[in-house]
Amino acid sequence: MFEDITNNLREAMPDLRGRLVPNAPLSDITWFRVGGPAQVLFTPADEADLAFFLRNKPRDLPAVVIGLGSNLLVRDGGVPGVVIRLGRGFGEIKIEDGSRLRAGTAVPDVKVARAAADAGIRGLAFYRGIPGSIGGALRMNAGAHGRETKDCLIAARAVDPHGSIHVLSLADMGFTYRHSAVKDDWIFTEATFQGAPGNPAEILKEMEDVADYREKNQPIKERTGGSTFKNPPGHSAWKLVDEAGCRGLRVGGAKVSEMHCNFLINDRQATGEDVETLGETVRARVKAKSGIALNWEIIRLGSPKAGRPIGEALVDVSNASVGQR
């Protein structure tokens, strides 16, 4: 448990409208269902409230934003400082003229796909296959089925660490594969997408095809963080993992999915360390087999339990506990 600093924050910022929760368990809101608490979980009321908080919080108090928790691994020692989670104040979708759609960054990707389909806007159906929020899509240039966020985004709004609000163009985003060049400590609040006129029935059929593919090929009913590793140039991460003999590999309560081996799953009450150790073990075996270094696509956040290692150092202490099935 962390020191409760919520009263101090309230006293320093009496006009803050959002919710502050001390020692909030993050395992309840992340898809892996692992990890320790946030020292403070802050849900701002809206963009202005978020900007007010960032502008007035102590400069030495760390703050990090999370989305739906679908692509996130929280370590067992929890996250010191403030974890910001955007909620209802960032959940609106607006359909605009010219086949445009504006969405708050707390909106799930699938809801954007559905709203676009209902409005006859073609080009956003790929978001049906991405299990996250629009904020995460902006941060990592999320994509699936041949399209990426860069193919449809025209503008975004963000708040910097000093509470200033910025309007960013597509060029400002600096998108590359699964990456945005916008500074990590800027928090996205809204996105505007450009689609094209389309037939709602045809768009919905495209979305159904995307959903069917996911159900048949990915362990979407398991506790998982989605795709674990980025595809290296010219390679598929899952093939490298498979060729290294890691399909079904287990560390404690965590396992490499046998359905799709670029997915790690928590099927036996895993800890955050189990999941991270498994991922690092896979990375080490792939490097030994192919010479290719896999990079994590999943975000790892927070501190380990006292005295425990993180990252590649986990492999050195885990060999005895790694096995199949």
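For the structure, check the block above.
The rules we used
Residues numbered from 1 in each chain as written. Predicted model: local features only at pLDDT ≥ 70, side-chain atom pairs only at ≥ 80, totals over all residues. Heavy atoms only, no water. Helix = DSSP H or I, 4+ residues; strand = E, 2+ residues; numbered from the N terminus. Rg over C-alpha atoms; globule rule 2.2 N^0.38 Å. Buried < 20%, exposed > 50% of the residue type's maximum accessible area, 1.4 Å probe, protein only. Contact = heavy atoms within 4.5 Å. Areas by Shrake-Rupley, 256 points an atom, 1.4 Å probe, with all protein chains shown as cover. Lys, Arg positive; Asp, Glu negative; His and termini not counted. Charge placed at Lys NZ, Arg CZ, Asp CG, Glu CD. Core = buried A, V, L, I, M, F, W, Y, C linked by side-chain atoms within 4.5 Å. 1 Å grid on protein atoms, 1.4 Å probe; cavity = no way out; pocket = protein on both sides within 12 Å on 5 of 7 lines; lining within 4 Å. Points joined across faces, edges and corners; volume = space filled by probe spheres on them. Pairing = 2+ DSSP bridges. Axes fitted to C-alpha atoms, helices over the stretch in contact; angles between N-to-C directions. Polar contact = N/O pair within 3.5 Å; in protein donor to acceptor, adjacent residues only side chain to side chain. Phe/Tyr/Trp six-rings, centres within 6.5 Å; stacked < 30°, edge-to-face > 60°.

Caption draft 1: Quick peek at the overall build of the chain. The helix and strand inventory of the chain stands at nine helices and 20 strands. Relative to the globule expectation of 20 Å for 325 residues, the C-alpha radius of gyration of the chain, 20 Å, shows essentially globular dimensions. Judged by the C-alpha coordinates and their principal axes, the chain covers about 55 × 55 × 30 Å. When the 325 residues of the chain are sorted by exposure, 50% land in the buried category. Looking at the chain alone, contacts between residues at least 24 apart form 66% of all its contacts between residues at least 6 apart. Per element, the accessible surface of the chain, about 14800 Å² overall, is 48% carbon and sulfur. Distance between charge centres in the chain, computed from 42 positive and 40 negative side chains, equals 3 Å.

Caption draft 2: Expanded view of the nonpolar core. Ranked by internal contacts, the top residues of the largest apolar core, which has 34 residues, are Leu 101, Val 112, Leu 124, Tyr 127, Leu 138, Met 173 and Phe 193. Of all the secondary-structure elements, those providing two or more residues to this core are β7 (100-104), α3 (109-118), α4 (134-140), β11 (153-159), β13 (187-194) and α6 (200-217). Among the elements that line this core, the one with the most residues is α3, at five residues. Sequence-distant contacts of Met 173, that is, excluding residues within four places in its chain, are made with Leu 138, Leu 153, Ala 156, Leu 168, Ser 180, Ala 181, Val 182 and Phe 188.

Caption draft 3: Region of interest: empty space enclosed by the protein. Scanning all chains against the criterion turns up one cavity of 30 Å³ or more. Empty space within the largest cavity amounts to approximately 50 Å³. Residue lining of the largest cavity: Arg 75, Asp 76, Gly 272, Glu 273, Glu 276, Pro 304, Lys 305, Pro 309, Ile 310 and Leu 314, and that is the complete set. Counting residues per element, the lining of the largest cavity draws most heavily on helix α8 (residues 272-290), at three residues.

Caption draft 4: Main features of the pairing of β13. Within β13, six of the eight residues are buried, which leaves the element mostly enclosed by the surrounding structure. In this sheet, β13 lies alongside β7 in antiparallel orientation, the contact comprising five bridges. Bridge pairing links Arg 102 to Thr 192 in β13. Sheet analysis places β11 next to β13, joined by six bridges and oriented antiparallel. Opposite Arg 157, over in β13, you have Glu 190 as the bridge partner.

Caption draft 5: Layout of the sheet that holds strand β12 (residues 165-169). As summarised here, the arrangement of the five strands in space is β6-β7-β13-β11-β12, forming an open sheet in which the pairing is antiparallel. In this open sheet, the two strands that pair with only one neighbour each are β6 (93-96) and β12. Ignoring strand direction, the axes of neighbouring strands in this sheet form an average angle of 15°. In this sheet, β7 lies alongside β6 in antiparallel orientation, the contact comprising four bridges. The residue bridging Lys 94 from the neighbouring strand is Arg 102, located in β7. Here helix α2 (residues 47-56) sits on the sheet in contact with β11, β12 and β13, set at roughly 45° to β11.

Caption draft 6: Structural view of α2. Most of α2 sits out of view: seven of its ten residues are buried. Listing the buried residues of α2 in full gives Glu 47, Asp 49, Leu 50, Ala 51, Phe 52, Phe 53 and Leu 54. On its buried side, α2 packs onto β2 (37-43), β5 (79-85), β11, β12 and β13. With a side-chain oxygen lying 3.2 Å from the backbone nitrogen of Ala 48, the N-terminal cap of α2 falls on Asp 46.

Caption draft 7: A look at the sheet that holds strand β3 (residues 63-66). Strand order in the open sheet made by the four strands is β1-β2-β5-β3, with mixed pairing throughout. Edge positions in the open sheet fall to β1 (19-25) and β3, since each of these has one partner strand only. Neighbour-to-neighbour, the strand axes of this sheet turn through a mean angle of 35°, independent of strand direction. Where β1 meets β2, six bridges bridge the pair, whose relative direction is antiparallel. The residue of β2 that forms the bridge with Pro 25 is Pro 37. Lying on the sheet, α2 is in contact with β2 and β5; it crosses β5 at an angle near 160°.

Caption draft 8: Layout of the packing of aromatic side chains. Overall, the coordinates contain four aromatic pairs when judged by the stated rule. When the ring of Tyr 127 is compared with that of Phe 193, the centres are 5.7 Å apart and the planes differ by 65°; the resulting orientation is edge-to-face. Pair noted here: Tyr 127 is in the loop between β8 (121-122) and α4 and Phe 193 is in strand β13, with a separation of 66 residues, a long-range link. Ring-pair connections join several aromatic residues into one group, and the members of that group are Phe 126, Tyr 127 and Phe 193.

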